[in-house]
Structures are given as structure tokens and as C-alpha cells.
Amino acid sequence: MLSCATQNTLNQGITNNEKIVFNEFISQIYRINFKYPKSLKIVNTFDNLNDLKENNILLKNYSKNNFQELEDEFSLKAKNFYGQTPLIKDYKITTEKQDTFIKIIENNNIDKSNEFSIIIGKYPKPYKFALLEPEVNCFVLIIQKKYLNDLIKTIDFNISPMQYLTGIMNIVQEYSIVKDKINWDDWRKQVTNNFEKSKDLSSSIKFALKNLNDHHSSFWSKEFAASIVNGTDKDIGIDFLPYKGNNIIFIVFPNSPADKAGIKIGDIILAKKENLDKSISLKLKRETQNEEFDLKLIPDNFDTNIEPSVRIINNNIGYVELTGSTGDYAYQKFPNIVNEKIKDLLNKYNIDGWIIDIRRNTGGATWPMLNAVGPIIGEGNIGSRLDSTGQKYIWKYSNGTIYFGDKIYSQLNVEPFKLKKQFPVVAVLTSNTTASAGEGVAVAFKGRDKTYFIGENTIGKTTGNNTFILSDESWLNISDTVSVDRNGNKYFDPVKPDLFINVDWKYFGNENKDYVIKSALEWLEKNV
């Protein structure tokens, strides 16, 4: 922490305006307790400092579009744009760098007789995951070395667990969608007391988020966050939910140990045990064959992104299953794959209506999912998100592009498919495992004419999350917006179907036995 003595030492010999810079610089580091210099990251864009041009300090913002120019300008090699480690290098004005620095220094009245430190870093200000075109997302701080050293001396880099937890509480209180509904003094006391009793930082963070009751905020370890971004995991490869006192499998990931062992959607887990050798023993029941069997699986790596399914039913109904997807796959591949599959279908059949199945969509990236079926949703405004200040961010689809506000969030690499029948009838299928991004898709279809929802209530994670990457590269995901459909209805709770039908997972996807699909076909046939 900063003591009065060290703060006074820092201020000696520094102008009043420079004090503003240093004080802001320090407060931002401590705001989320970053460690310097290994992972210096500033939480906002320093808008109040951008016009400050004093003798010893220059702060310069760069957009993503000219980040390469920044690397070239300083002859530095940065990590990729989502890397977390900034570059720190000391420079003295020398002949080889003279032109570069003379240009910058003369434009900003910096005394070029001194030695400077240059800090290049990325802003982790609240940003939407995989935002394509942020206005400002990295910075350069050029400062006389002697002042930077004074700054470093004032900072205690050994951040305690309590300081880390306090930093997280600060972020939550500032950005949470429920900020006006929480008694923050009581909440902070409860979180602090929980940590003092448990001494378990991770569980106390989860306790803090659970007590927001927003149903969606979460804390991810560095390892789990990496698995989400990379779309990979090391496990046996199943997702399941409670079923008649046991659990029933609703996802089997392709090429996972479970898939290779022949496990199917709808298999019931009667018993599950982790063995000393890290293998997993399962006792399963397959109701369709009325048989029980035992398996022993070794966890292994597999891809968590399931390729979306597109097919024809009854020669005139297009069926699209939008599965959950994350990371590069979601933004670079998912919408293009769906788009090309639908093109193939349209080339072969005259399609009268569509089934959009999001029953197994447990989340990921909303925008590519919407873009994948954009022509079916329809051009124009398809929903929005509203933050705690009342600021609205419109979702818009236009010719292969999804906009969030005025920013592009998903863009096809191919021509979007062309419907033969414009604005067709659509049946949307939901379940109690439809969550997060899957619910974003549901909200985009809510209020659309000629649309009918069939299945179960969704899980209720309908808010939008902002992600903060912390000093240890853990992720803090804070619900900061509420989803709003095109008619202005807000969704804090599960999205409800027009026709409620329980999903029978053992027949999932079977158009002759899956009663949710059968009901959708009946409705479509009456309304095409």
C-alpha cells in the first residue's frame, strides 16, 4: 500500500499536473491490484489525461488498427493483441532512435536530454469478448526514468489475497447491472467475513458473485479461461443434468473419450467415480435398450466446439441446431460453416419454414450465432442490451454483419445465403440447458412475427457480461447489461416458450420420436 511518506517522496520535484498523472496511474494499478511490471494493465482510457502535455510525461493512445505501426515505431515485438504482458524497455536518446523520438518529443515539448522509460500495455477496460474494433485498447507511457523509478518505489507489489479480493469487489460495485439493488456496505462485509473464515480466495470470490443474484457473473481460473478461448478441454467429454434422482447426458463431445467409448445423448449416469489413477468409472443406463453397462474412461484432450447441424425435414422444413461455441472458432468459423450449409440446403430444396434448435446451446459467443442465421432473423434491429445507467446498445443485422451499438461484432467471410421465401415462419426450440449466448439468440427471435417457441424455460442467464482479465490472468465476468427484445421487453429471468414441452433427451434430434421437433413440425405445417 502507499504510505503518506512515500507519496510525499514521489511528489517532490514533480509539477502539479504531473501529480495528477502519477496519482491516477497509481490509483488505477491499485484499483484491481495489478502487479508491475510483469502484467501492468490500466483499467480505463485515461480520458482526463489525454490532453496533458507536460515536460516529463506523455501518454499516447493507440487503436487496434495502428498497433502494428506502434510496434514498428518502437522496434518492439508485442504479444498477440489478447496477450497480457506489456512491453517494458528503457531508452536513451541515441542516433538510431533520434528521428522517432524527436518527432514525438518535439510535438509534446518533452525534454530530450533525459533518459526515458517507455511502457506499452493493453487496456483491460470493460470490453466485450472478442470485440473487433475497440476505439482505444493499448497505450504508450513515455516518462523520465527517474520519475518512473520514484513511482515504482511507492508501490507494494506483494499483493495480498485480501487486496486482490478488494480489487474485485471494486470492479463489481462499479459495473454490476444490479448496482442499484445491492447494499454494498453489507455485501462487502459479508464477502470479507467469508474470506476471513474460509481463507479460500477462490470460494470467497464465488460467494461474492453468487450474492449478487444476477445469475450470470462468474470467476474463471487462468486455466479454465484458456480452455474457453482455445475451445479445448481435458476430461471425458460429457455434459449432463439432473434426471429422476440421477443425471442424464445431453452433450457428448465429438472425438472425446466418451464419444469413442460409444456413450450417447440420453444415457443415464447411475454412478460416477474418480479413481486414484485419475480415470473415471461410470455406471450407465440406456433406456432405449433397457440395458445397464459399466465404463472406465481416461480423461483426454478434445475440442469443445461442436459443429452445428443443418438438415432438411419432410422436404420443406430447414432444421438448424445452433450449438454453443467459443474463442476463435466462434468468430472465425462458426457463422461461415452454418451459412454454407444453409446455402447447400437452399440449392436442393424449396424451404417453407425453419426450426432453430438451441436446446443444447449452453453459451459462448452470441454474435456469431446471430450472424449464422441472420437472413432468417431478418434485417434491421433485432434486440438490444441496457446497462445500469440506461444506456442502450442496439443489436442490428445487416447483410452478413452483426452490430452491437455502432461496433461490428461479427462479420461473415462469405456471401450470406439468400432466402427464396423472405421472412419465413420459424419455430425456436429451447430447454432448461439453453443458457447465456443461447438465450441471446432466443431474445433476438422474441417479438419477431411468424415465430413460435416450443420446449422448456431457458436457464435464466440472459444478462450480458463484461470480462476483466486480472493480474494472474484469471477472468472476472461481470453482468453489466440486461437483454431486451425488439419490442422493448427486458429479460432478467428465463425465456419462456409459447408451448411448454419437456425434452426427452433419449430421443433428441429424432424427428419421429423427439416430441419437441414433432410439435414444431405440426405448428409449421399449419402456418407456412
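Structure first, text after, so check above.
This section reports on the structure supplied with the text.

Reading guide: rules and limits
- Residues numbered from 1 in each chain as written.
- Predicted model: local features only at pLDDT ≥ 70, side-chain atom pairs only at ≥ 80, totals over all residues.
- Heavy atoms only, no water.
- Pairing = 2+ DSSP bridges.
- Helix = DSSP H or I, 4+ residues; strand = E, 2+ residues; numbered from the N terminus.
- Axes fitted to C-alpha atoms, helices over the stretch in contact; angles between N-to-C directions.
- Parallel < 35°, antiparallel > 145°, perpendicular 65-115°, else oblique.
- Left-handed = near helix turned anticlockwise from the far one by under 90°.
- Contact = heavy atoms within 4.5 Å.
- Nonpolar A, V, L, I, M, F, W, Y, C, P; charged D, E, K, R; others polar.
- Salt bridge = Lys/Arg side-chain N within 4 Å of Asp/Glu carboxyl O.
- Buried < 20%, exposed > 50% of the residue type's maximum accessible area, 1.4 Å probe, protein only.
- Core = buried A, V, L, I, M, F, W, Y, C linked by side-chain atoms within 4.5 Å.
- Phe/Tyr/Trp six-rings, centres within 6.5 Å; stacked < 30°, edge-to-face > 60°.
- Lys NZ or Arg CZ within 6 Å of the ring centre and 35° of its normal.
- Expected span 1.5 Å × (residues − 1).
- Arc of directions from axis to C-beta.
- Polar contact = N/O pair within 3.5 Å; in protein donor to acceptor, adjacent residues only side chain to side chain.
- Bend = angle between axes of the 7 residues up to and from the residue.

Here the focus is the sheet that holds strand β7 (residues 238-243). Sheet architecture is open: 5 strands sit in the order β7-β8-β9-β10-β11, paired in antiparallel fashion. Of all strands in the sheet, those bounded by a partner on one side alone are β7 and β11 (291-297). Across the sheet, the axes of successive neighbouring strands diverge by a mean angle of 40°, strand direction being ignored. Strand direction decides the pairing type here: strand β9 (residues 268-274) and strand β10 (residues 280-286), joined by 6 bridges, are antiparallel. The residue of β10 that forms the bridge with K272 is L282.

What follows is about the packing of helix α6 (residues 161-175) against helix α8 (residues 201-210). Two quantities define a packed helix pair, namely the angle between the axes and the distance from one axis to the other. Taken N-terminus to C-terminus, the directions of α6 and α8 make an angle of 20°; their axes are 11 Å apart at the nearest point. Between α6 and α8, the crossing angle belongs to the class labelled roughly parallel. The crossing of α6 and α8 is right-handed. Within the contact between the two elements, α6 uses P161, Y164, L165, I168 and V172 and α8 uses L201, S204, I205 and L209. Taken together, the residues of the contact of α6 with α8 break down into 8 nonpolar, 1 polar and no charged.

Within the structure shown, the criterion is met by 14 salt bridges. With a shortest N-O distance of 3.7 Å, D294 and K283 are connected by a salt bridge. Taken together, the residues D294 in strand β11 and K283 in strand β10 connect sequence positions 11 residues apart. On the basis of relative accessible area, D294 is assigned to the exposed category, the value being 54%. Accessibility expressed as a relative area gives 31% for K283, which makes it partly exposed. The residue E511 makes a salt bridge to R311 at a minimum N-O spacing of 3.8 Å. Pair noted here: E511 is in the loop between β25 (499-500) and α15 (515-527) and R311 is in strand β13 (residues 309-313), with a separation of 200 residues, a long-range link.

This brings us to the sheet that holds β13. As summarised here, the arrangement of the 6 strands in space is β13-β14-β15-β20-β21-β25, forming an open sheet in which the pairing is mixed. On the outer flanks of this sheet lie β13 and β25, each paired with one strand and no other. Across the sheet, helix α11 (residues 327-348) is in contact with β13, β14 (317-321) and β15 (353-357); its angle to β13 comes to roughly 20°. Docked against the sheet, helix α14 (residues 437-445) engages β15, β20 (425-430) and β21 (451-455), running at close to 145° with respect to β21.

All right, on to unusual backbone geometry then. Negative phi is the rule for most residues except glycine; trans is the rule for most peptide bonds. One non-glycine residue, K199, lies in the positive phi region at around 55°. Of note in the backbone geometry, K450 takes a positive phi value of approximately 60° without being a glycine. Residue position: K450 is located in the loop between α14 and β21. A relative accessible area of 43% means that K450 is categorised as partly exposed.

Structurally, N336 can be placed in helix α11. Of the residues examined, N336 reaches a relative accessible area of 10% and is grouped as buried. With residues up to four places along the chain from it excluded, the contact list for N336 reads L412, N413 and V414.

Looking now at the nonpolar core. Across soluble globular proteins, nonpolar side chains have a tendency to be buried as a group. Of all hydrophobic cores here, the largest spans 43 residues; its most connected members are L322, I342, W354, V373, I376 and F445. With 8 residues, the top contributor of residues to this core is α11. If sequence neighbours within four positions are ignored, V373 has contacts with V320, L322, V338, I342, I356, F417 and F445. Counting residues in each nonpolar core, the second largest holds 26 residues, with I251, I501, I517 and W523 among its members.

This part is about the packing of aromatic side chains. Taken as a whole and assessed by the stated rule, the structure comprises 13 aromatic pairs. When the ring of W367 is compared with that of Y409, the centres are 5.5 Å apart and the planes differ by 85°; the resulting orientation is edge-to-face. Highlighted residues: W367 in helix α12 (residues 366-372) and Y409 in strand β19 (residues 407-411), separated in sequence by 42 residues. Accessibility classification places W367 together with Y409 in one group, the buried group. A cation over an aromatic ring shows up here: K181 above the ring of F492, its NZ or CZ 4.8 Å from the ring centre. The lysine or arginine in question, K446, covers the ring of F453, its NZ or CZ lying 4.2 Å from the ring centre.

On to helix α7 (residues 184-198). Taking 1.5 Å of rise per residue, the 15 residues of α7 would be expected to cover 21 Å, and the 21 Å separating its terminal C-alpha atoms lies within 8% of that figure. Of the residues making up α7, those classed as buried are W184, W187, V191, T192 and F195. Each buried residue of α7 sits inside an arc of 125° when the element is viewed along its axis, so together they form one side. Exposed and oriented more than 90 degrees from the buried face of α7 are D185, K189 and K197. Buried residues belonging to α7 abut α6 and α8. N-cap assignment for α7: the residue whose side-chain oxygen lies 3.3 Å from the backbone N of D185 is N183.

Three or four residues apart is the spacing at which side chains of an α-helix point the same way, because the helix has 3.6 residues per turn. Here α11 is 22 residues long and its end C-alpha atoms lie 32 Å apart, about the 32 Å a rise of 1.5 Å per residue gives. Helix geometry: α11 is bent most strongly at K333, by close to 45°, with proline P335 lying one to four residues after it. Residues of α11 that are buried: G327, Y329, A330, Y331, F334, P335, N336, V338, N339, I342, L345 and L346.

Now for the packing of α6 against α7. Viewed as axis vectors pointing N to C, α6 and α7 meet at an angle of 155°, and their least axial separation amounts to 11 Å. Put simply, α6 runs roughly antiparallel to α7. The element α6 and its partner α7 pack so that their crossing is right-handed. Between α6, through P161, M162, L165, T166, M169, N170, V172 and Q173, and α7, the contact on the second element is made entirely by W184, W187, R188, V191, T192 and F195. Across the contact of α6 with α7, the residue classes tally to 9 nonpolar, 4 polar and 1 charged.

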